[in-house]
Amino acid sequence: MGSLDTHRGWLTWWDGKFRSLALDVAVALSAAFFVDRVERVSLTGADEERRLVLLGVLVVVALALLVRRRFPWLAVAASAGAVLTPTTAATGIFTPIAMYTIARRRGPGAQLWTATGIVFAANGTQLIWGPHGPLWESPLRALPYIAYTVMLSASPVLLGLWLRQREKLLAALQERAEQAERERDLLAERAVATERRRIAREMHDVIAHRCSVISLQAGALSVSAPDERTGEVAEVIRKTSATALTELRSMLRVLRDDDAEHRGETPDDPTVGSIEALVADSIESGANIRLDMPEQLPETSGEVGRAAYRVVQEALTNAAKHAPHSAVRVEVAAEGEELVVAVSNQRGRSTDTDAVPGSGYGLIGMRERVTLAGGTLRTGWTEDGGYRVRAMFPLGDEVAA
């Protein structure tokens, strides 16, 4: 396909299409061959001069028909000249092709009327003063020739005008369809923006308010706690609520921002390095978690960092809901060209009464995040009855501390 596209430049005379060039070559050769065959039958060996004239006419007209799309007037002039040459009337086959071409390429107007007048004048001259002019014998005998000439010139003109008008109509319909599609896309984008703002309002009015109340109550409890353990737990709740509020504000800013350039990374977005703080907060709240993370963390994009953090966050949440107080292991490592994040927990001893209700979309959302970041996710039960989540993300070449 690349080699074909490089030749589109010299195909502009044929609308940039090989098939148009092939069609014009076939039309020119077929018309010339037909005239030559008729002439061979009508001429004898003594008409060698006329045969040479005919050969020159065929060459000129064939070349004119070959470039008729680019130069329709050249085809008209060549076909009219062919009619006036001292040959047989078979050369009149060129005029319908020329008339169709100028009607199709130029449309209705002065050029078409001028070309029609030239062709009719050439045919009339051949009819009256030609070697076989029937008007010299009988005017009545000329009527069929006149009707034939009119039909032979008018039919291709009407066909060319109809095809030109049809092409314009199809182009207008296509433009309307594209415009309707663009308007539909704009309406869809507007609907998405409206829905994002509605979601942002609902999240602010419901979740942000509840988290603020939790944070304030936990802060008050940490100050007036009856014992040290209660104060520590209240402080963990306060810090967790404050972190949730910070992340929620970042999410609300993304939902409300209409500019695509500002819907990317923000300073508050979590990274791979934030996993350590996430695990530390969970340990402070009483979770039994072991973290294996190298001192030098691989450098990742913001999307990969957020996805890795959310995978660990969701996995820890699921472990706390479905297997509370069980041992959990979090592993973060660079294996070759991939960042591997794995969270595994042992079998839990919870009952249905102490289980925290879930939405049922945790694993689905986790898989979507990993896929959008270009990674793969594997989840499933382990041999000892626990559960394991393992995500793999592509890495760059550089490593940052």
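Residues numbered from 1 in each chain as written. Predicted model: local features only at pLDDT ≥ 70, side-chain atom pairs only at ≥ 80, totals over all residues. Heavy atoms only, no water.

**Remarks on the pairing of strand S1 (residues 289-292)**
Sheet topology places S1 next to strand S2 (residues 328-335); 4 bridges connect them, and they run parallel. Residue Asp292 lies in a different strand from S2, and its bridge partner there is Glu331. (Pairing = 2+ DSSP bridges. Helix = DSSP H or I, 4+ residues; strand = E, 2+ residues; numbered from the N terminus.)

**Structural notes on the packing of helix H4 (residues 72-84) against helix H5 (residues 94-106)**
The contact between H4 and H5 brings their axes to 9 Å, and the two run at 160°. Taken as axis vectors, H4 and H5 run roughly antiparallel relative to one another. Our pair here, H4 against H5, has a crossing hand that is left-handed. Residues Pro72, Trp73, Ala75, Val76, Ser79, Ala82 and Val83 of H4 pack against Phe94, Thr95, Ala98, Thr101, Ile102, Arg105 and Arg106 of H5. Here the residues of the contact of H4 with H5 are counted per class, giving 9 nonpolar, 3 polar and 2 charged. (Axes fitted to C-alpha atoms, helices over the stretch in contact; angles between N-to-C directions. Parallel < 35°, antiparallel > 145°, perpendicular 65-115°, else oblique. Left-handed = near helix turned anticlockwise from the far one by under 90°. Contact = heavy atoms within 4.5 Å. Nonpolar A, V, L, I, M, F, W, Y, C, P; charged D, E, K, R; others polar.)

**Comments concerning the environment of Arg198**
Turning to its location among the elements, Arg198 is positioned in helix H7 (residues 139-223). Taking relative accessible area as the criterion, Arg198 reaches 35% and is therefore assigned partly exposed. Side chain to side chain, Arg198 and Glu195 meet in a polar contact 2.6 Å long. (Buried < 20%, exposed > 50% of the residue type's maximum accessible area, 1.4 Å probe, protein only. Polar contact = N/O pair within 3.5 Å; in protein donor to acceptor, adjacent residues only side chain to side chain.)

**A word on the sheet that holds strand S3 (residues 338-345)**
One open sheet accounts for 5 strands, arranged S1-S2-S3-S5-S4; its pairing is mixed. Looking along the sheet, the strands with just one partner apiece sit at the ends: S1 and strand S4 (376-381). On average, each strand axis in the sheet is tilted by 10° relative to the strand beside it, whichever way the strands run. Where S3 lies against strand S5 (residues 387-394), 8 bridges are found, and the strand directions are antiparallel. Residue pairing for S5: Asn345 is matched across the bridge by Tyr387. Together, S1 and S2 form the strand contacts of helix H9 (residues 274-284), whose direction differs from that of S1 by roughly 165°. Contacts from helix H11 (residues 362-372) reach S4 and S5, with the element oriented near 150° to S4.

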